[in-house]
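# Understanding the architecture of this molecule
Spelled out from the first residue to the last, the chains are:
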Amino acid sequence: MLKIDIITLGNLSEPHWKAACDEYKKRLSGMAVVTETQLKEEKLKNDPSRGEIEKALDAEAVRIMEKIPKKAYVVPMCIEGKQFSSEALAAKLDGAMLSGKSSICFIIGSSHGLSPKIKALADLKLSMSELTFPHQLARVMLYETVYRCMNILSGGKYHK
């Protein structure tokens, strides 16, 4: 069975975001083994400098790299990433599964993004949209997207 690892920075603070993620995890449970690792976001003062942000991102990168499974297909979520239709992303994930990778590892950074060190590890940089969304909604959107892709690959009716 496919293994999906999701590494995130920060916790979901609102019950409705957590409930939505839990619903998609439950739906995915028959199609994949999903593991979510929540890492602590670096604390920054109000209005941090670019240097302070980079230092925080690098510290977060060290913790993220420790959690990326060996031989995983690494997919950081980043604004400069590529956007796909649901069908095209499903095909990309199918290709990753067939390539001999042990898992697909999605990474959602903090509100300041991800360190270039994490982006350099990418097999695929993924962007959900050019629009700006609340950071915690990105996690829900990722779960829904993964569920939709898995449903497409299994010939399900969810996507129709």
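It should be noted that the structure appears before, not after, this text.
Now for a quick tour of the structure. Within each chain, residue numbers correspond to sequence positions counted from 1 in written order. With pLDDT at 70 or above as the cut-off, local features in this predicted model cover only qualifying residues; side-chain atom pairs require 80 or more to be listed or tallied, and sums for whole chains, interfaces and linings still use all residues. The side-chain figures draw on all heavy atoms in the structure; neither hydrogens nor water molecules are used.

What counts as a salt bridge is simple: a side-chain nitrogen of Lys or Arg found within 4 Å of a carboxyl oxygen of Asp or Glu. One pass over the full model with this rule turns up 14 salt bridges. Across the pair D22 and K25 runs a salt bridge, and its minimum N-O distance is 3.8 Å. With D22 and K25 both in helix α1 (residues 15-28) and 3 residues apart, the pair spans about one turn of that helix. Note that K26 and E23 form a salt bridge whose closest N and O atoms lie 3.6 Å from each other. Placement of both K26 and E23 in helix α1 is noted, with a separation of 3 residues, approximately one turn of the helix. Summary of the burial criterion: residues with accessible area below 20% of their type's maximum are buried, those above 50% are exposed, and those between are partly exposed, where the area comes from a 1.4 Å probe applied to protein chains only. A relative accessible area of 55% places K26 in the exposed class. Each of the salt bridges in this network shares a partner with another, and the network as a whole consists of K18, D22, K25, E36 and R139. Where helices and strands are cited, they refer to DSSP runs of H or I of at least four residues and of E of at least two residues respectively, numbered from the N terminus.

A separate point is the packing of α1 against helix α5 (residues 135-153). Following both chains from N to C, one finds α1 and α5 inclined at 15°, their axes separated by 9 Å at the closest point. In terms of orientation, α1 and α5 fall into the roughly parallel class. Where α1 crosses over α5, the two elements pack in a sense that is left-handed. In this structure, α1 uses W17, A20, C21, Y24, K25, R27 and L28 to contact α5, whose residues at the interface are Q136, L137, R139, V140, Y143, E144, V146, Y147 and M150. Classification convention: Asp, Glu, Lys, Arg as charged; Ala, Val, Leu, Ile, Met, Phe, Trp, Tyr, Cys, Pro as nonpolar; all other residues, Gly among them, as polar. Its residues assigned to classes, the contact of α1 with α5 shows 11 nonpolar, 1 polar and 4 charged. Helix axes are fitted only over the stretch in contact, all axes being lines through C-alpha atoms; the angle between N-to-C directions runs from 0 to 180 degrees. Working definition: roughly parallel below 35 degrees, roughly antiparallel above 145 degrees, roughly perpendicular at 65 to 115 degrees, and oblique for all remaining angles. Helix crossings are classified by the rotation of the near helix relative to the far one: an anticlockwise turn of less than a right angle makes the crossing left-handed, while a clockwise turn makes it right-handed. The contact criterion used throughout is that any non-hydrogen atoms of two residues lie within 4.5 Å.

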